[in-house]
2 protein chains.
Amino acid sequence: MAQSPITGALSRESCVVADRSDPLALFKNRFLLPEGVIYLDGNSLGARPAGALERVQEVVSAEWGEGLIRSWNTAGWFDLPGKLGDKISRLVGGRQGETVVTDTTSLNLFKALASAIRIQQVDHPEKRVIVTERDNFPTDVYIAEGITDFLNSVAEESGVRYEVRLIDEDLPLAEALDDSTAVLALSHVNYRTGAMWEMADVTAAAHRHGALVIWDLAHAAGAVEVDLNAADADYAVGCTYKYLNGGPGSPAFIWVNARHQGRFWQPLTGWWSHAKPFEMADSYTPANNIGRFLCGTQPISALAMVEIGLDIMLDADAAAVRAKSLELTDLFIALVEQRCAEHPLELITPREHAKRGSHVSFRHPEGYAVMSALIARGVIGDYREPEVLRFGITPLYLGYADVWDAVEVLREILDTRSWDRDEFKLRNAVT
Amino acid sequence: MAQSPITGALSRESCVVADRSDPLALFKNRFLLPEGVIYLDGNSLGARPAGALERVQEVVSAEWGEGLIRSWNTAGWFDLPGKLGDKISRLVGGRQGETVVTDTTSLNLFKALASAIRIQQVDHPEKRVIVTERDNFPTDVYIAEGITDFLNSVAEESGVRYEVRLIDEDLPLAEALDDSTAVLALSHVNYRTGAMWEMADVTAAAHRHGALVIWDLAHAAGAVEVDLNAADADYAVGCTYKYLNGGPGSPAFIWVNARHQGRFWQPLTGWWSHAKPFEMADSYTPANNIGRFLCGTQPISALAMVEIGLDIMLDADAAAVRAKSLELTDLFIALVEQRCAEHPLELITPREHAKRGSHVSFRHPEGYAVMSALIARGVIGDYREPEVLRFGITPLYLGYADVWDAVEVLREILDTRSWDRDEFKLRNAVT
């Protein structure tokens, strides 16, 4: 660990010392975590920030209850998607006016794919392949399947066929890209392994084939440094309820490079995407800006809380967050490999800093039962098929000693085989 | 007014007497309305029900803050779309398992249209016309335009063309429907005029042409009696933040007749619509039920509050709600026509009970300024282009004397020309 604040042998004491000199240590006070929990699942659902409860109380009591319909104007509800989008832009290298917070990641991906396909239909009609990854988060593959199925239902009469092509061990990225590629849609950080694509290089490679590039930042925004415009990306989507701590199911975001915003409609042409929605015109004229990627009325209580988490993230130095994330993930890997060495744990996260995000995953043959036992002891990570123990590292509310303690609990569970009890083996839905 | 509780001449006293014998009067106590306001815009944003604040506090503090990721299972978050959908079904004549609460009305309309088009592509490929109304709520027209634009972008290479056909004064419904009609998509109650289609007859007429029928219940659910299965409808979508009092922008619903649920994917194939989302399979297999119409992760704080408003509505007798709605709208019309007779107000809402919903609209040449003056006096209705004063009548929290008092304020404003001041004439966005 180059420049790690931990010097000498790894010990709990050296972790406590590292916490004392952590420039981000005070951010932990801006989150409200339950007693007795080490929370290693902020990459699935971020922790509750201080101020979120007060904000939603204000929305429900004062803005809804007292302001009623007037609050669309007086409380700024109309402006929230763009206002929050501009804050997201500051985190991911977008310009002002390139991002809105709205709908879900799945829906925003549909809009981005549809917009990119529409552009290619005119510029390069021979390009009809969406390239993505077999190991991508499932919704990313499914949405690509959904859009191609829908287009093929009418296109095939004319011999046109859209296709989803999956990168996997047999088909690396370089071979998957060719002149038939309309769109390359990848997750910047893989939800299961934590592996990270090099955004600028991959974008450039796709552009050399004339493909447009969509980045899913669900496990990247707030976790790693992202600069969409420096990478010359075309579209990005992402999630606010993971590292951005917006609350359960809080609305997602979509970033569209300004050069693509004015060209074609995306097909989810709800009234919020109209140039002048309150003229109630009887035909559609899209907004000539990022507003075109809105659709319908947003859930204001959930949307308003997004700002609380975002403001905390914007107060933190992004480089410091990334540096601490790498130190903590390095520490987690080192401690597991030293202290649980005799157990069949296989690291599936890349060791190289440039190739990984902010979570660490190990396979274990009894992964589900092991994770259940960890959660019962208050170490909350999560489980992903197949056999994957996944540990999210969120530098704003986790410290070095937390990592030590979490690995200690893992070691005790493995050493005592306490995971090997029926209560931990019964498979239910685990998120 | 047959069977009206108001007997003899209309007076404030007769309204107060009518309130005393109103079987729904106590429901007003289940809503928290600001002092000094008569709220006639519950058809745009419903009032805050008692219990909504407490519910969202529980979601944020206990479920998110303490339960963290575990609450997806332990707090029942996963089950909310279906659980709330089943409650909606009870209000609109759906069967259990035919409705989910999710996403926005615009998006659910897209799903319904796409599903219906897909069915017709196989059953009746010559049907490529979506019939809707020029005077429909704009998003309904825009979404139809969006979906046809997207299909035509690939279909036209084969000479296939999808089309939106608009019912208007020159093209009545009976002439708009023909054997090319794939889908008829109408709002049950018109957002501007309050005019209501006869659901069963219209559905039967469309079915005779082999068209599938989608009903938008945004201004109907909770306002008029709806029986989707008795009408043999195919799809319905609607809103929870109007008469169902779910909160600003609360998620919408989609009902799909069980006979259509298993046939084709709708194209918004996010992971929540997968048969087994947590298997993280690398290809899409849709849920074989209404879950197929889900897409991505929902905003839990907003979704949870929907249940508070729904439970109040389910406690009320639907026939009593409709009866009181008709009495109050009759009263409103009668009072305006008697007491504001010398002013240029034109009723654009049908007088016939069977042909109207639960709001009343008048045109006035200075409609915007008049509504601004009303709002400044605490009588909150809303304004819709062109020149329309719209008054929503919500029987659960409005009484007879409220209607009297609202019309008195309107009369005073008109008699004194107090609307004729610059502060009321300046046109801003009005929701």
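Residues numbered from 1 in each chain as written. Chains lettered and ligands numbered in written order. Predicted model: local features only at pLDDT ≥ 70, side-chain atom pairs only at ≥ 80, totals over all residues. Heavy atoms only, no water.

Some details on the sheet that holds strand β10 (residues 359–363) of chain B
Residue and element names in this part refer to chain B.
1) Next: Judged by pairing direction, the sheet is antiparallel, and its four strands sit side by side in the order β9-β10-β13-β12 without closing on themselves. Edge positions in the open sheet fall to β9 (346–347) and β12 (382–384), since each of these has one partner strand only.
2) Next: Where β9 meets β10, two bridges bridge the pair, whose relative direction is antiparallel. In the sheet register, Leu347 faces β10, and the bridge partner there is Phe362.
3) Next: Along the sheet, helix α10 (residues 318–339) makes contact with β9, β10 and β13 (388–392), crossing β10 at roughly 25°. (Pairing = 2+ DSSP bridges. Helix = DSSP H or I, 4+ residues; strand = E, 2+ residues; numbered from the N terminus. Contact = heavy atoms within 4.5 Å. Axes fitted to C-alpha atoms, helices over the stretch in contact; angles between N-to-C directions.)

Points about the pairing of strand β6 (residues 212–216) of chain B
All names here are of chain B.
1) Next: Among the five residues of β6, five are classified as buried, and the element is accordingly described as predominantly covered.
2) Next: Both faces of β6 are covered, namely the face carrying Leu212, Ile214 and Asp216 and the face carrying Val213 and Trp215.
3) Next: For strand β5 (residues 181–187) and β6, the ladder comprises five bridges, and the chain directions are parallel. When the bridges of β6 are listed, Leu184 appears paired with Val213.
4) Next: Judged from the three bridges that link them, β6 and strand β7 (residues 235–238) form a sheet pairing that is parallel. (Buried < 20%, exposed > 50% of the residue type's maximum accessible area, 1.4 Å probe, protein only.)

Describing the domain arrangement of chain A
All names here are of chain A.
1) Next: Along its sequence, chain A is carved into domain 1 (12–50 + 317–424) and domain 2 (78–315).
2) Next: For domain 1 and domain 2, the distance between their C-alpha centres works out to 30 Å.
3) Next: Across the boundary between the two partners, domain 1 contributes 37 residues, which contact 24 residues of domain 2.
4) Next: Buried area between domain 1 and domain 2, summed over both chains or domains, comes out near 2300 Å², and the portion from carbon and sulfur atoms is 58%.
5) Next: Our count for the domain 1 to domain 2 interface comes out at one salt bridge.
6) Next: A salt bridge links Arg30 to Asp315; its shortest N-O distance comes to 2.9 Å. (Domains from an automatic or database assignment. Buried area = accessible area lost by both parts, 1.4 Å probe. Salt bridge = Lys/Arg side-chain N within 4 Å of Asp/Glu carboxyl O.)

With respect to the UniProt feature "modified residue: N6-(pyridoxal phosphate)lysine" (unreviewed entry) in chain A
Residue and element names in this part refer to chain A.
1) Next: Taking the UniProt record as the reference, the feature "modified residue: N6-(pyridoxal phosphate)lysine" (unreviewed entry) is found at Lys242.
2) Next: Here Lys242 falls in the buried class, since its relative accessible area comes to 11%.
3) Next: Residues in contact with Lys242, not counting those within four places in the same chain, are Gly42, Asn43, Ser44, Gly46, Ala218 and His219. (UniProt positions renumbered as here; feature names shortened; annotations may be inferred.)

Here we look at the side chain of Asp234(B)
All names here are of chain B.
1) Next: Following the sequence through the fold, Asp234 ends up in the loop between β6 and β7.
2) Next: Residue classification places Asp234 among the buried positions, given a relative accessible area of 1%.
3) Next: Side-chain polar atoms of Asp234 contact the side chain of His207, separated by 2.7 Å.
4) Next: Those residues in contact with Asp234 that lie beyond four places of it in its chain are His207, Ala211, Leu212, Val213, Trp255, Val256, Asn257, Arg259 and His260. (Polar contact = N/O pair within 3.5 Å; in protein donor to acceptor, adjacent residues only side chain to side chain.)

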